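Here are the chains, one letter per residue:
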Amino acid sequence: MRAMVLERPQTPLVAREWPTPQPGLGEILIEVAACGVCRTDLHVVDGELTSPKLPVIPGHEIVGRVAAIGDGVAGFTQGERVGVPWLGYTCGVCPYCRSGRENLCDAPLFTGYTRDGGYATHTIADARYCFALGEGPDDAAMAPLLCGGLIGWRSYRMAGEGAALGLYGFGAAAHILAQVAVWQGRRVYAFTRRGDTVAQAFARSLGAVWAGGSDEAPPEPLDAAIIFAPAGALVPAALKAVKKGGRVVCGGIHMSDIPTFPYALLWEERHVMSVANLTREDAREFLSIAPQAGVRTEVTRYALERANEALADLREGRLQGAAVLVP
Ligand SMILES: [Zn+2]
Ligand SMILES: [Zn+2]
């Protein structure tokens, strides 16, 4: 198999080749067809997430086909199309697992962080955390759903039922969520970097009723806002934009520090919350809703060996939609 490997944080990924592994008990071997590039991968590569296994193969938006099935695996067939998300394993016995909050498990493994991921031609996954994807949309088009879609969906549910929804940072996750929100009859307000008229036009093309800079006030107060950009300064900005009782959901795994802000911004039962990881239930829900909502992803394909270039384009904000590696 070939893979792009992170040997040390803050260094470029390196191309490596070694014999394809065989799946162990409860595992499947997947021939990777496409793997999305998520902002979390950048946080791993840049060393902002501090506990990767090393070396590690990043990538947790994996679409591929079952190439071999280990002992004790039920429910998958050879050649079937499957998806592998960020949640790679949970313990099943901690208080979080036992109360339906496996996203907060005390002893989890995460794909492309604490177990090897999909920047490769092949990957091994715990079959219990893989999802049958059926046939249908193109592999590369499906890949961004596996994290931007799934964790985006969890963020969206936590944002509540309000009709006016702000999305801060209009990248991979927001471009998927905007389509779901519009399909559900909500009004989407898209906030981008100041002056990023290309991203603003992209947001409008997906049904946003308004798009502007994150320093601008929306034309109506929002019921909720989801922050996907990793900038802590957006927290007080979003609090300022939501109405009484409004929610501000931080959807990313890492953010720069949140500046101090006056209590008046939080007063009147405004909430700030974060979303961590996903449960398998989130995944099952979203994977059934995405086709109903007619979600179409905008992807830029890169050959696997160009992973560093894809990461650089994401870091510099040169992408619309999502980057996807294709082996
Ligand atoms: Zn657990
Ligand atoms: Zn992700």
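We now turn to the structure provided with this report. (Residues numbered from 1 in each chain as written. Chains lettered and ligands numbered in written order. Predicted model: local features only at pLDDT ≥ 70, side-chain atom pairs only at ≥ 80, totals over all residues. Heavy atoms only, no water.)

### A short note on the sheet that holds strand β10 (residues 164-168)
- Strand order in the open sheet formed by 6 strands is β12-β11-β10-β13-β14-β15, and the pairing between neighbours is parallel. Every interior strand has two partners, whereas the edge strands, β12 (210-213) and β15 (271-274), have only one. Neighbour-to-neighbour, the strand axes of the sheet open up by a mean angle of 20°, direction not taken into account.
- Sheet topology note: the strand β11 (residues 187-192)/β12 ladder contains 4 bridges and is parallel. In the sheet register, Tyr189 faces β12, and the bridge partner there is Trp210.
- Those strands touched by helix α3 (residues 148-158) are β10, β13 (222-227), β14 (242-250) and β15, and its axis lies near 160° from that of β14. (Pairing = 2+ DSSP bridges. Helix = DSSP H or I, 4+ residues; strand = E, 2+ residues; numbered from the N terminus. Axes fitted to C-alpha atoms, helices over the stretch in contact; angles between N-to-C directions. Contact = heavy atoms within 4.5 Å.)

### Considerations on the coordination of the zinc ion (ligand 1)
- Surrounding the zinc ion (ligand 1) are the protein donor atoms Cys91 (SG), Cys94 (SG), Cys97 (SG) and Cys105 (SG), which sit 2.3 to 2.4 Å from the metal.
- Bound by 4 donor atoms, the zinc ion (ligand 1) shows angles of 104 to 120° at the metal and therefore tetrahedral coordination geometry.
- Here the donor residues of the zinc ion (ligand 1) share one chain and are spaced in sequence as C-x2-C-x2-C-x7-C.
- For Cys94, a relative accessible area of 6% translates into the label buried. (Donors = N, O, S within 2.8 Å, 3.2 Å for Na, K, Ca; no water. Tetrahedral: all angles 85-135°; square planar, octahedral: opposite > 155°, others 65-115°. Buried < 20%, exposed > 50% of the residue type's maximum accessible area, 1.4 Å probe, protein only.)

### Considerations on unusual backbone geometry
- Cis geometry is adopted by the peptide bond preceding Pro55, which originates at Leu54 and carries an omega value of -10°.
- Position of Pro55 relative to the elements: it lies in the loop between α1 (39-45) and β4 (62-69).
- Even without a glycine there, the phi angle at Gln10 is positive, about 65°.
- Turning to its location among the elements, Gln10 is positioned in the loop between β1 (2-5) and β2 (14-17).
- Positive phi values are uncommon outside glycine, yet Glu269 reaches one of about 60°.
- Relative to the assigned elements, Glu269 resides in the loop between β14 and β15.

### Topic: the pairing of strand β8 (residues 122-126)
- Counting buried positions over the 5 residues of β8 gives 5, a clear majority of the element.
- Judged by which residues are buried, β8 turns out to be covered on both faces: His122, Ile124 and Asp126 on one side and Thr123 and Ala125 on the other are all buried.
- Where strand β3 (residues 27-37) meets β8, 5 bridges bridge the pair, whose relative direction is antiparallel. Within β8, the position partnered with Glu31 by the bridge is His122.

### Section: the pattern of salt bridges
- Considering all chains together, one arrives at 20 salt bridges under this definition.
- Between Arg16 and Glu7 there is a salt bridge whose closest N-O contact spans 3.0 Å.
- Using a relative accessible area of 37% as the deciding quantity, one classes Arg16 as partly exposed.
- Overall, Glu7 belongs to the partly exposed group, its relative accessible area being 36%.
- Of the charged contacts in the structure, one is a salt bridge between Asp46 and Arg315, with a shortest N-O distance of 2.7 Å. Residue Asp46 is located in the loop between α1 and β4, and its partner Arg315 is located in helix α8 (residues 307-315); the two are separated by 269 residues in the primary sequence.
- Residue classification places Asp46 among the partly exposed residues on the basis of a relative accessible area of 22%. (Salt bridge = Lys/Arg side-chain N within 4 Å of Asp/Glu carboxyl O.)

### Brief notes about the nonpolar core
- Counting 90 residues, the largest nonpolar core has Tyr119, Leu167 and Phe170 as its most contacted members.
- Considering every element that reaches this core, the biggest residue donor is helix α4 (residues 172-183), with 7 residues.
- Core analysis: the next-biggest nonpolar cluster, separate from the first, contains 19 residues, Trp210, Ala225, Ile227 and Val235 among them. (Core = buried A, V, L, I, M, F, W, Y, C linked by side-chain atoms within 4.5 Å.)

### Focus: the pairing of β3
- Judged by how many residues are buried, β3 sits mostly within the fold: 8 of 11 residues are covered.
- The pairing of β3 with β4 spans 7 bridges and is antiparallel. Bridge pairing links Ile28 to Ile69 in β4.
- Across 3 bridges, the pairing between β3 and strand β17 (residues 322-326) is antiparallel. Opposite Cys35, over in β17, you have Leu325 as the bridge partner.

### A look at the side chain of Arg154
- Within the secondary structure, Arg154 sits in helix α3.
- Accessibility expressed as a relative area gives 13% for Arg154, which makes it buried.
- Beyond its immediate sequence surroundings of up to four residues, Arg154 is in contact with Asn103, Val275, Ala276, Asn277, Leu278, Thr279 and Asp282.

### Side note on the environment of Ala120
- Along the chain, the position of Ala120 falls in the loop between β7 (109-110) and β8.
- Each C-alpha atom, one on Ala120 and one on Ala3, is 3.9 Å from the other, the two residues being 117 residues apart in sequence.
- Beyond its immediate sequence surroundings of up to four residues, Ala120 is in contact with Met1, Arg2, Ala3, Val32, Ile57, Leu304 and Pro327.

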